[in-house]
Amino acid sequence: MTANIAALDTPLAEVEASVRLLTLTAAEKRTHSPSDLLAYRLDEYLVTHPDAPVSTAADYPNWTPGGAA
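Residues numbered from 1 in each chain as written. Predicted model: local features only at pLDDT ≥ 70, side-chain atom pairs only at ≥ 80, totals over all residues. Heavy atoms only, no water.

Asks: Can you walk me through the pattern of salt bridges in this structure?
Replies: Oppositely charged side chains can form a pair if their charged atoms are brought close together. Under the defined criterion, the tally for this structure stands at 1 salt bridge. Arg41 is the partner of Glu28 in a salt bridge, and the nearest nitrogen-oxygen pair spans 3.4 Å. Separated by 13 residues along the polypeptide, Glu28 in helix α2 (residues 12-30) and Arg41 in helix α3 (residues 34-48) bring together distant segments of the chain. The partly exposed category is assigned to Arg41, whose relative accessible area is 47%. (Salt bridge = Lys/Arg side-chain N within 4 Å of Asp/Glu carboxyl O. Helix = DSSP H or I, 4+ residues; strand = E, 2+ residues; numbered from the N terminus. Buried < 20%, exposed > 50% of the residue type's maximum accessible area, 1.4 Å probe, protein only.)

Asks: Even after reading the chapter, I still don't get the side chain of Thr31, so can you show me in this structure?
Replies: Along the polypeptide, Thr31 turns up in the loop between α2 and α3. Side-chain polar atoms of Thr31 contact the backbone nitrogen of Ser33, separated by 3.1 Å. In contact with Thr31, other than residues within four places in its own chain, are Asp36, Leu37 and Tyr40. (Polar contact = N/O pair within 3.5 Å; in protein donor to acceptor, adjacent residues only side chain to side chain. Contact = heavy atoms within 4.5 Å.)

Asks: How do you make sense of α2 when you look at a structure like this?
Replies: Since the α-helix packs 3.6 residues into each turn, any two residues three or four apart lie on the same face. Taking 1.5 Å per residue as the helical rise, α2 with its 19 residues ought to reach 27 Å, and the 28 Å between its terminal C-alpha atoms agrees with that figure. Turning to α2, its buried residues are Ala17, Leu24, Ala27 and Glu28. For α2, the angular spread of the buried residues around the axis is 100°, confining them to a single face. In α2, the exposed positions that point more than 90 degrees away from the buried face belong to Leu12, Leu22, Lys29 and Arg30. Buried residues belonging to α2 abut α3. (Expected span 1.5 Å × (residues − 1). Arc of directions from axis to C-beta.)

Asks: Which parts of the structure should I look at to understand the environment of Leu24?
Replies: Looking at the element boundaries, Leu24 is found in helix α2. The contacts of Leu24, once residues within four sequence positions are left out, are Tyr40, Asp43, Glu44 and Val47.

Asks: Help me understand the packing of α2 against α3, please; the structure alone is not making it clear to me.
Replies: Relative placement of two packed helices is described by the angle separating their axes and the distance separating the axes. Where α2 contacts α3, the axes come no closer than 10 Å and their chain directions differ by 165°. Of the possible angle classes, the one that applies to α2 and α3 is roughly antiparallel. As for how α2 packs across α3, the hand of that crossing is left-handed. Two secondary-structure elements touch here, α2 through Ala17, Arg20, Leu21, Leu24, Thr25, Ala27 and Glu28 and α3 through Leu37, Tyr40, Arg41, Asp43, Glu44, Val47 and Thr48. Its residues placed into classes, the contact of α2 with α3 shows 7 nonpolar, 2 polar and 5 charged. (Axes fitted to C-alpha atoms, helices over the stretch in contact; angles between N-to-C directions. Parallel < 35°, antiparallel > 145°, perpendicular 65-115°, else oblique. Left-handed = near helix turned anticlockwise from the far one by under 90°. Nonpolar A, V, L, I, M, F, W, Y, C, P; charged D, E, K, R; others polar.)

Asks: Just to check I follow, could you spell out the confidence of the model for the protein chain for this structure?
Replies: Should the pLDDT be low somewhere, the predicted coordinates at that spot are not to be read in detail. Confidence in the prediction of the protein chain, expressed as mean pLDDT, is 82, and 88% of residues score 70 or more. Averaged pLDDT values over the elements of the protein chain bottom out at 67 in helix α1 (residues 5-8) and peak at 87 in α3. (pLDDT = per-residue confidence, 0-100.)

Have a look at this one:
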């Protein structure tokens, strides 16, 4: 009996998300900073929920880095 290799294939985006999640989990275990821990957990959420709403430049049409130019 032979396995259909296509049935075993995982989409690249799913593999990349898994790698990012493993990396964030490892970093989370090494930090002692509450702010870093919060940032890693937010990153984990965004990696596992790619359709999560995030702001874009269109959300802030008159914003400039550092304030008024």
